[in-house]
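If you want the building blocks of each chain, they are given just below.
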Amino acid sequence: MLQPIAGSGGICNTRVVYGNDFGVPDSLLDQVDEAERALAEAARSDLGAEPDGTDEVAKQAYFDAVIAADQKIEPRDWMPEGYRKTLIRQIAQHAHSEIIGMQPEGNWITRAPSLKRKAILLAKVQDEAGHGLYLYAAAETLGVSREELVDLLLQGRQKYSSIFNYPTLTWADIGAIGWLVDGAAIVNQVPLCRSSYGPYARAMIRICKEESFHQRQGYEILYTLSHGTPAQREMAQDAVNRWWYPSLAMFGPPDSESTHSEQSMAWRIKRFSNDELRQRFVDMCVGQAEVLGLTLPDPNLRWNEERQAYDFTPPDFGELMRVISGDGPCNRQRMAHRRRAHSEGAWVREAAAAYAAKRARRATEGRATGESGPDRASDALAGAA
Ligand code: FAQ
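Computed from a predicted structure; not experimentally measured.

Thresholds applied
Residues numbered from 1 in each chain as written. Predicted model: local features only at pLDDT ≥ 70, side-chain atom pairs only at ≥ 80, totals over all residues. Heavy atoms only, no water. Phe/Tyr/Trp six-rings, centres within 6.5 Å; stacked < 30°, edge-to-face > 60°. Helix = DSSP H or I, 4+ residues; strand = E, 2+ residues; numbered from the N terminus. Buried < 20%, exposed > 50% of the residue type's maximum accessible area, 1.4 Å probe, protein only. Lys NZ or Arg CZ within 6 Å of the ring centre and 35° of its normal. Near = heavy atom within 4 Å. Polar contact = N/O pair within 3.5 Å; in protein donor to acceptor, adjacent residues only side chain to side chain. Areas by Shrake-Rupley, 256 points an atom, 1.4 Å probe, with all protein chains shown as cover. Nonpolar A, V, L, I, M, F, W, Y, C, P; charged D, E, K, R; others polar.

J.: Provide a residue-level description of the packing of aromatic side chains, including the pertinent values.
T.: On inspection of all chains with the given rule, the structure shows nine aromatic pairs. Ring geometry for phenylalanine 63 and tryptophan 78: centres 6.2 Å apart, planes at 80 degrees, overall edge-to-face. Residue phenylalanine 63 is found in helix H2 (residues 56-68), and its partner tryptophan 78 is found in the loop between H2 and helix H3 (81-100); the two are separated by 15 residues along the sequence. Residue classification places tryptophan 78 among the buried residues on the basis of a relative accessible area of 18%. Every member of this aromatic cluster is reached through a ring pair, and the members are Phe63, Trp78, Tyr83 and Trp267. Here the basic side chain of arginine 111 rests over the ring of tryptophan 108, its NZ or CZ set 4.1 Å away from the ring centre. Taking NZ or CZ as reference, arginine 280 lies 4.1 Å from the ring centre of phenylalanine 272, over its face.

J.: Let's hear about the site of the ligand: which residues, and what values?
T.: In the vicinity of the ligand lie 35 residues, with Gln93, Lys159, Ser258, His260 and Lys270 positioned nearest. Lysine 159 is positioned with one of its side-chain polar atoms (N or O) 2.3 Å from an oxygen atom of the ligand. Within the side chain of lysine 270, a nitrogen or oxygen atom sits 2.7 Å from an oxygen atom of the ligand. Against a free-state accessible area of 1,100 Å², the protein chains account for coverage of 92% of the ligand. Of all elements in the fold, only H3, helix H5 (115-140), helix H7 (171-192) and helix H13 (317-327) reach the threshold of two or more residues within the shell around the ligand. Split by residue class, the shell around the ligand holds 12 nonpolar, 15 polar and eight charged.

And the structure:
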């Protein structure tokens, strides 16, 4: 039988948390399911074939019709160069964020307070690696290679999310990352499940489903600490105080200063603006903070009856720009670590390439002699040796 992870006057404390067990109507997880159904429907509906030949005007008209009908653009379809570039930029930035995002949490794997906490955190960090790989694969369908994208990151020519340039100082930070950082990521990513580019939408559906326990594990860590000793409660509050504004900044600059939003929304890559999603996140967090018994560090936070939303203090966008441009608390450390990990992993990439070449050679030889050899795991080990 499913039990609430902790009771609160008969109210389940996960009621407003993404991925709860209790079937809250229209939860974020339901929205992911709806997006998946819409994706399947889009695959069934027929707008006719893309026009043949080189008539760019006809191809652009077909592309516009696909977007207007909320259908999906697929890798072999014609697409404007700007659409392709925007997707590569956004998907690559997203993939890099998942990979760099393993560092602040990885910092606590050896210091998690129990075996159970360690196992959960390990699984979560491994999930982030998987998310990075789905996203690199989605970007590769646009005609770039993963190697090129990784090189661009290492040369500092592509970005990753500002949030991962902040340090994880205490165990409560792992709770705050799960609740606030994964919470913000989910609010941003659920609409991306309806993105107009098929491979990105499909990757996002899978990622959002897997994310369903990340926010909750963070929330549960904070709930435990906030209902523990006074020192634990203080640690939880301190973590929320430090992660609140950087989490708000994850949604990007305000709409008035967002360079890409208008075009990305017209192409239905993004479905909502940065400010709309930031507002949605604030509205979601207020009730959750109340159940946690923690306060959000904003004296201006109050319900606005007219707007039917919370008024709040925006993050310091000057700080966001400084962090994006490389001057956050941990930028140098994060990039140095990534470069080191990349160079230490060179032998694995070489072994994998040598093994792939060996398999390809054997397949060609097999075709020539009419034999097809067994595809054994021992081959893989021999190839990697
Ligand atoms: N950090 O015109 P806009 C996660 C850049 S995954 C760094 O508004 P856009 C999971 C932006 O690239 C978190 N750069 O841009 C996890 C652009 O620069 P450019 C990552 C930022 O693309 C949890 C310039 O500013 N999620 O957390 C940021 O329309 C826990 C102008 O901005 C995604 O990537 C920022 N915060 O909107 C993992 C989601 N904000 O390229 C581990 C997908 C803006 O012109 C542990 N991405 N910039 O030089 C998006 O939804 C969008 O790209 C936005 C930005 C909303 C991030």
